[in-house]
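Below, each chain spelled out in residue letters.
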Amino acid sequence: QSALTQPASVSGSPGQSITISCTGTSSDVGGYNYVAWYQHHPGRAPKLIIYDVTKRPSGASNRFSGSKSGNTASLTISGLQAEDEADYYCSSYTSSVTLVFGGGTKLTVL
Amino acid sequence: EVQLVESGGGLVQPGGSLRLSCATSGISFSTYDMHWVRQGTGKGLEWVAAIGTVHDTYYSGSVKGRFTISRENAESSLYLQMNSLRAEDTAVYYCVTEGRSSNWNDWFFDVWGRGTLVTVSS
C-alpha cells in the first residue's frame, strides 16, 4: 500500500489561509469517507484535527476544515497563526482492511 | 484524564525480538479498538497494527507475519510482540486509541501516547 500523496511543504503568512491536498485512489480516499488529519509538532504526540473528512473533534480549532473530491482530500487552515507551524498528515482506511497515511506536509508560517 | 504510556523500546540487533507494552488509564479499555503507529527518524507516520474489542487483528503488509498485536483487558494494556526485526523497523512506536464511531472501519485516532523508541542496529 503506497502512502497517500501530500505536498512536502506549504507556507503562508499570519492571517492567510492555506490548503493541503492528500491524493489517494479509489481503494482508499475515493472509496470511503474515512479521511482524517493530524497535526504533529516535533517532539510531541500527534493531534487529531479532522476525522470523517469534515468533522472536527472537540478541542480542535474551527480554523481547521476538511473536504474531499474524488480521490483527493483537502485540509484548509484559515487565519494562520504562528502556533499552526507543524507537520500535517492525512490518513485513510483502505479496501485491504489497513490504514494508510500521507507522507506529511511541513507548514511554515512566514 | 486519558493516559497511554508506552514502554519496552530499546536497542536490538537485526533479527532480534522486542515486546512493547502500552499501559492505559482513564478509559474503559475493553471497549476500545487499539492501534500501533510508528514514525521512523525523519520519516512520516506509518500504521502498524490494530486489535478490536473481540481480539480481531489487522496488520500492515510490512510487519505481517513478524509482529503480533495483543491486549489484556484485565490489565488495561496493549502489547506489540516484534520478531525478526529489521533496520527499517527503527522508529518511535505510538500506542493510540481509535475514536468512537458506529462504523467498525472508521479508523481515526483520538488519543496518542508519547511513544517509545525502537532502534534496530548491530
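Quick caveat, the model's predicted, so the values are computed rather than measured. (Residues numbered from 1 in each chain as written. Chains lettered and ligands numbered in written order. Predicted model: local features only at pLDDT ≥ 70, side-chain atom pairs only at ≥ 80, totals over all residues. Heavy atoms only, no water.)

## Here's the deal with the overall build of chain A
Phase 1: For chain A, the count of helices and strands is zero helices and nine strands.
Phase 2: Tracing chain A from N to C terminus, the helices and strands come up as β-β-β-β-β-β-β-β-β.
Phase 3: Rg of the C-alpha trace for chain A: 13 Å, near the compact-globule value of 13 Å for 110 residues, within the 12% margin.
Phase 4: Taken over the C-alpha atoms alone, chain A extends approximately 40 × 25 × 25 Å along its principal axes.
Phase 5: Restricting the contact set of chain A to residue pairs at least 6 apart, pairs at least 24 apart contribute 57%. (Helix = DSSP H or I, 4+ residues; strand = E, 2+ residues; numbered from the N terminus. Rg over C-alpha atoms; globule rule 2.2 N^0.38 Å. Contact = heavy atoms within 4.5 Å.)

## Things to note about the nonpolar core
Phase 1: One finds Trp 36, Leu 78, Leu 80, Met 82 and Tyr 93 of chain B to be the most contacted residues of the largest nonpolar core, which totals 27 residues.
Phase 2: For this core, the elements supplying multiple residues, two or more each, are β3 (18–25), β4 (34–39), β5 (45–51), β7 (67–72), β8 (77–82), β9 (91–98) and β11 (116–120) of chain B.
Phase 3: Setting aside chain neighbours within four positions, we find Tyr 93 of chain B in contact with Glu 6, Leu 20, Trp 36, Val 37, Arg 38, Val 48, Phe 67, Leu 80, Met 82, Gly 115, Thr 116 and Val 118 of chain B.
Phase 4: Formed by 22 residues, the second largest nonpolar core is a distinct cluster that contains Val 10, Leu 80, Tyr 88 and Leu 107 of chain A. (Core = buried A, V, L, I, M, F, W, Y, C linked by side-chain atoms within 4.5 Å. Buried < 20%, exposed > 50% of the residue type's maximum accessible area, 1.4 Å probe, protein only.)

## Here's the deal with the side chain of His 40 of chain A
Phase 1: Note that His 40 of chain A resides in strand β3 (residues 35–40).
Phase 2: Residue His 40 of chain A is classed as buried on the basis of its relative accessible area of 3%.
Phase 3: Side-chain polar atoms of His 40 of chain A contact the backbone oxygen of Arg 44 of chain A, separated by 2.7 Å.
Phase 4: Leaving out residues up to four positions away in the same chain, His 40 of chain A has contacts with Ala 45, Pro 46, Ala 86, Asp 87 and Tyr 89 of chain A together with Gln 39 and Tyr 94 of chain B. (Polar contact = N/O pair within 3.5 Å; in protein donor to acceptor, adjacent residues only side chain to side chain.)

## Structural notes on unusual backbone geometry
Phase 1: If you check the backbone angles, Asp 52 of chain A has positive phi at about 50° while not being a glycine.
Phase 2: Checked against the element boundaries, Asp 52 of chain A lands in the loop between β4 (47–50) and β5 (64–69).
Phase 3: Even without glycine at this site, His 55 of chain B takes up a positive phi of about 70°.

## Observations concerning the interface of chain A and chain B
Phase 1: Taken together, the contacts link 19 residues of chain A with 21 residues of chain B.
Phase 2: Roughly 1,800 Å² of surface becomes buried between chain A and chain B when both sides are summed, with 65% attributable to carbon and sulfur atoms.
Phase 3: Ranking the residues of chain A by area buried against chain B places Tyr 34, Leu 99 and Phe 101 of chain A at the top, with a combined share of 31%.
Phase 4: For the interface between chain A and chain B, the tally reads four residue pairs in polar contact (both at pLDDT 80 or more).
Phase 5: Going through the elements one at a time, β3, β7 (86–93) and β8 (99–101) of chain A are the ones with two or more residues in the side of chain A that touches chain B. (Buried area = accessible area lost by both parts, 1.4 Å probe.)

## Some points on the state of the cysteines
Phase 1: Within the structure shown, the criterion is met by two disulfides over all chains.
Phase 2: Here Cys 22 of chain A connects covalently by a disulfide to Cys 90 of chain A, the sulfurs 2.1 Å from one another. Between Cys 22 of chain A and Cys 90 of chain A the sulfur-sulfur dihedral comes to about 80°; the bridge is accordingly right-handed. You can see Cys 22 of chain A sitting in strand β2 (residues 18–23) and its partner Cys 90 of chain A sitting in strand β7, a full 68 residues away along the chain. In this pair, the class of Cys 22 of chain A matches that of Cys 90 of chain A, namely buried.
Phase 3: The disulfide partner of Cys 22 of chain B is Cys 95 of chain B, and the S-S distance across this bridge is 2.1 Å. Disulfide Cys 22 of chain B-Cys 95 of chain B: torsion about the S-S bond near -70°, hence left-handed. Residue Cys 22 of chain B is found in strand β3, and its partner Cys 95 of chain B is found in strand β9; the two are separated by 73 residues along the sequence.
Phase 4: Given the relative accessible area of 0%, Cys 22 of chain B is considered buried.
Phase 5: Exposure remark for Cys 95 of chain B: the relative accessible area of 0% places this residue in the buried category. (Disulfide = S-S within 2.5 Å.)

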